[in-house]
Each structure stands twice: as C-alpha cells, then as structure tokens.
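Spelled out, the chains give:
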Amino acid sequence: GENVEQHPSTLSVQEGDSAVIKCTYSDSASNYFPWYKQELGKGPQLIIDIRSNVGEKKDQRIAVTLNKTAKHFSLHITETQPEDSAVYFCAAPNDMRFGAGTRLTVKP
Amino acid sequence: NAGVTQTPKFQVLKTGQSMTLQCAQDMNHEYMSWYRQDPGMGLRLIHYSVGAGITDQGEVPNGYNVSRSTTEDFPLRLLSAAPSQTSVYFCASSYGPGEDTQYFGPGTRLTVL
C-alpha cells in the first residue's frame, strides 16, 4: 500500500514569511496529489492539487510542486498571514492515505 | 447545496453501547468514505463505498460497520463501543475514488467512557 510521510509536523513562521511543507510517497502509480487545510473544529478542505502531468501549480499565494522521480510533492505558502494558521494534510488518494499533518502557526 | 452533513456533532457513549453516525451528501457523488482522526495520526480510512450497494474496508475497519442503500447516505455503525474508538470521525464524498477532490463533513466528536 501507499505510505505518505509529511514533514515537518509543526511549523511556526512570522507573518510575511514563506512556509514549505513536504510529503513523500511510495507508490509510483499515484497520479493525483492534493493538499487539504483544516481549521479548528472543521473538516479538511482542499486548497490546491496537482496531477502527475505537471510539475508545478500556483494559485495566488499557494503553490504545489511535484517531483515524480523523487516521489515527493511540496506545498509552498508565500507572504503568510495569520489566517493561514491551520493544520495542513497531503494525501495519496489512489490508496486514500493522508499524511500525519503539519500544524502551521503564523505569528503576527 | 448543503454539501456533506454529519450528525450528531458530539456524542458520549459508555463502553459496550452501540450507535450510528449519520452522513449525507447532496452532490450526487458516487464515492463516500469514513475517516477517523486521532492526534498525530492524520486521517485514517475506516470504510468506503464506490456506489449504492457497494462497500469495502479501509485501513482500520475493525469495530465498525457500514451500508450504502442510497447514493446520498452512508451511515457508520459502532457495534460495541470501546475507549479506543474515542476519536473525531469525518465523512467525505467525491465523484470518484483516487483522483478527485474529497469534500468533508464537519465531523463527529465521539467519546467512549
């Protein structure tokens, strides 16, 4: 089955700095790589995803990069704001497995 | 659209009691799933369904039952609650498994004493 490892488990940055979260996976058959954001007391919500035919995708301050050779994909958040504080999950949904999550704290 | 709804929001059970967590979606999604979320362990798949009448086990199915009689509903049954089942439970749905966005419900926080 698919193993998904996510790092770091916690990340604290100053407002305006960048944040990077990385996930590695084991199953080379994976073709879809989403990132979810979970705010306190709520269910996870998709913020960005990438498919294996592209290497990078951007949506305003958020970007995801994919390296299929190395089997890892990363979430990049630039110009972080306090409302970015949340838990972020990567997933390898071909096998419905999620990373353990990264708790991001953005300090004003 | 209401999206994915879950009831109840909170529940406290005693060891050995049974209960059903309800999940419904109004997006006509074929794929539905149940996850449990425990601190430091992310989301773990309990059971999933690829359509009405079809269910299968996920990573941690023991102690749970599911059925899918309609496209809209996917209830999760705890047969005999144990303290190890204390967790937050999320239901999710998507058009299809594997390569589609999953839409999550707000969760049910379950405590088993």
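Whatever comes next refers back to the structure up there.
Residues numbered from 1 in each chain as written. Chains lettered and ligands numbered in written order. Predicted model: local features only at pLDDT ≥ 70, side-chain atom pairs only at ≥ 80, totals over all residues. Heavy atoms only, no water.

J.: Got a sec to walk through the sheet that holds strand E3 (residues 19–25) of chain A? Specific residues and values, please.
T.: All names here are of chain A. Taken in spatial order, the five strands of this open sheet run E1-E3-E8-E7-E6, and their pairing is antiparallel. Strand pairing shows two members of the sheet lacking a second neighbour, strand E1 (4–7) and strand E6 (56–59), which therefore form its edges. Strand-to-strand, the axes of this sheet are offset by a mean angle of 15°, without reference to chain direction. Both E6 and strand E7 (residues 62–67) contribute to a ladder of four bridges, which runs antiparallel. The partner of lysine 58 across the bridge, within E7, is alanine 63. (Pairing = 2+ DSSP bridges. Helix = DSSP H or I, 4+ residues; strand = E, 2+ residues; numbered from the N terminus. Axes fitted to C-alpha atoms, helices over the stretch in contact; angles between N-to-C directions.)

J.: Give a description of the interface of chain B and chain A that names residues and reports values.
T.: Of the residues lining the interface, 20 residues belong to chain B; the matching set on chain A comes to 19 residues. Between chain B and chain A, the buried area comes to about 1500 Å², and carbon and sulfur atoms account for 52% of it. It is B:Leu43, B:Gly98 and B:Glu99 in chain B that bury the most area against chain A; as a group they hold 33% of the surface buried on that side. Counting every contact that joins chain B to chain A gives one salt bridge. Joining chain B to chain A, the criterion identifies four residue pairs in polar contact (both at pLDDT 80 or more). Counting only elements with at least two residues in the side of chain B that touches chain A, the list comes to strand E4 (31–37) and strand E5 (43–51) of chain B. Among the elements that take part in the side of chain B that touches chain A, E4(B) stands out by supplying three residues, more than any other. By residue class, the composition of the side of chain B that touches chain A is nine nonpolar, seven polar and four charged. (Contact = heavy atoms within 4.5 Å. Buried area = accessible area lost by both parts, 1.4 Å probe. Salt bridge = Lys/Arg side-chain N within 4 Å of Asp/Glu carboxyl O. Polar contact = N/O pair within 3.5 Å; in protein donor to acceptor, adjacent residues only side chain to side chain. Nonpolar A, V, L, I, M, F, W, Y, C, P; charged D, E, K, R; others polar.)

J.: Tell me about the sheet that holds strand E8 (residues 76–78) of chain B, and please be specific about residues and values.
T.: Residues and elements named next belong to chain B. The antiparallel open sheet is built from four strands, whose spatial order is E1-E3-E8-E7. The open sheet has two edge strands, strand E1 (4–7) and strand E7 (64–66), and neither has a second partner. Averaged over all neighbouring strand pairs, the angle between strand axes comes to 20°, with direction disregarded. Across three bridges, the pairing between strand E3 (residues 19–25) and E8 is antiparallel. Residue pairing in the sheet places methionine 19 in a bridge with leucine 78 of E8.

J.: Hey, could you go over the environment of B:Gly3 for me, with residue numbers and the actual values?
T.: Residues and elements named next belong to chain B. Along the polypeptide, glycine 3 turns up in the segment before E1. Sequence spacing of glycine 3 and methionine 27 is 24 residues, and the spatial spacing of their C-alpha atoms is 6.4 Å. With residues up to four places along the chain from it excluded, the contact list for glycine 3 reads Ala24, Gln25, Asp26 and Met27.

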